[in-house]
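The lines below spell out each chain.
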Amino acid sequence: ANITFIDQSGEARTVEAAAGSSVMEAAIRNDIPGIDADCGGACSCATCHVYVAEDWLEKVGPPQPMEEDMLDFAFDVRANSRLSCQIRVTPELDGLTVTTPERQG
Ligand code: FES
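Cut-off values and rules
Residues numbered from 1 in each chain as written. Predicted model: local features only at pLDDT ≥ 70, side-chain atom pairs only at ≥ 80, totals over all residues. UniProt positions renumbered as here; feature names shortened; annotations may be inferred. Pairing = 2+ DSSP bridges. Helix = DSSP H or I, 4+ residues; strand = E, 2+ residues; numbered from the N terminus. Axes fitted to C-alpha atoms, helices over the stretch in contact; angles between N-to-C directions. pLDDT = per-residue confidence, 0-100. Core = buried A, V, L, I, M, F, W, Y, C linked by C-beta atoms within 7 Å. Buried ≥ 20, exposed ≤ 12 C-beta atoms within 10 Å, placed from the backbone. Contact = placed C-beta atoms within 7 Å.

Under an unreviewed UniProt entry, the chain has the name (2Fe-2S) ferredoxin and belongs to Hansschlegelia plantiphila. Database annotation for the chain, UniProt heading Sequence similarities (unreviewed entry): "Belongs to the adrenodoxin/putidaredoxin family." For the record of the chain, the UniProt heading Cofactor (unreviewed entry) holds the text "[2Fe-2S] cluster".

The structure is reproduced here in structure tokens:
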């Protein structure tokens, strides 16, 4: 699936993500700026925070309770905030667009 990351300056980078991996892993593998992922995907650092594009919110779904708790530690959390390590890539998410926050943590 193709996933597009947009940074705070509006620059878009599209990467190929394998189904079954996480959006965070796709970002790290492709050196996407603005995603730190300090905990390596264990849902315990909140430095893989992204904003999911409005049109994709339904397909991506809401955060799980553990993710929701961890999101409290993220910077500038909004209604469409997710931790990208908790978004599982599926073929249905082809074209997913997320925006990276101004900073992590
Ligand atoms: Fe740490 Fe996602 S990588 S919470």
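What follows covers the sheet that holds strand E2 (residues 12–16). Pairing is mixed in the open sheet, where five strands are placed in the order E2-E1-E5-E3-E4. At either margin of the open sheet sits one strand with a lone partner, and together these are E2 and strand E4 (81–83). When strand polarity is set aside, the average angle formed by the axes of neighbouring strands in this sheet is 35 degrees. Bridge analysis of strand E1 (residues 2–6) against E2 gives five bridges, and the strand direction is antiparallel. Its bridge partner lying in E2, threonine 4 is registered against threonine 14.

It is worth spelling out the confidence of the model for the chain at this point. Predicted coordinates in regions of low pLDDT should not be interpreted in detail. Here the chain shows a mean pLDDT of 97. Residues at 70 or above account for 100%. Among the prediction metrics, the complex's ipTM stands at 0.99, with pTM recorded as 0.96.

Right, let's talk about the nonpolar core for a bit. Grouped together as the largest cluster of nonpolar side chains are 24 residues, with contacts concentrated most on Val23, Met24 and Ala27. Elements supplying a minimum of two residues to this core: E1, helix H1 (23–29), strand E3 (49–52) and strand E5 (96–99). Element by element, the count of residues in this core is highest for H1, at four residues. The residues contacting alanine 27, other than those within four sequence positions of it, are Phe5, Ile32, Ile35 and Ser84.

Attention now goes to the pairing of E1. Side-chain alternation along E1 places Ile3 and Phe5 on a buried face and Asn2, Thr4 and Ile6 on a face that remains uncovered. Counting the residues that bridge the hairpin from E1 to E2 gives five residues, and of these glycine 10 lies at a positive phi of roughly 90 degrees. As paired strands, E1 and E5 are joined by four bridges and run parallel to one another. Across the sheet, the residue bridging to threonine 4 is threonine 97, located in E5.

Checked against the element boundaries, asparagine 80 lands in the loop between helix H3 (65–71) and E4. Its 15 C-beta neighbours within 10 Å are what place asparagine 80 among the partly exposed residues. Counting along the chain gives 51 residues from asparagine 80 to arginine 29, while the straight-line C-alpha distance between them is 24 Å.

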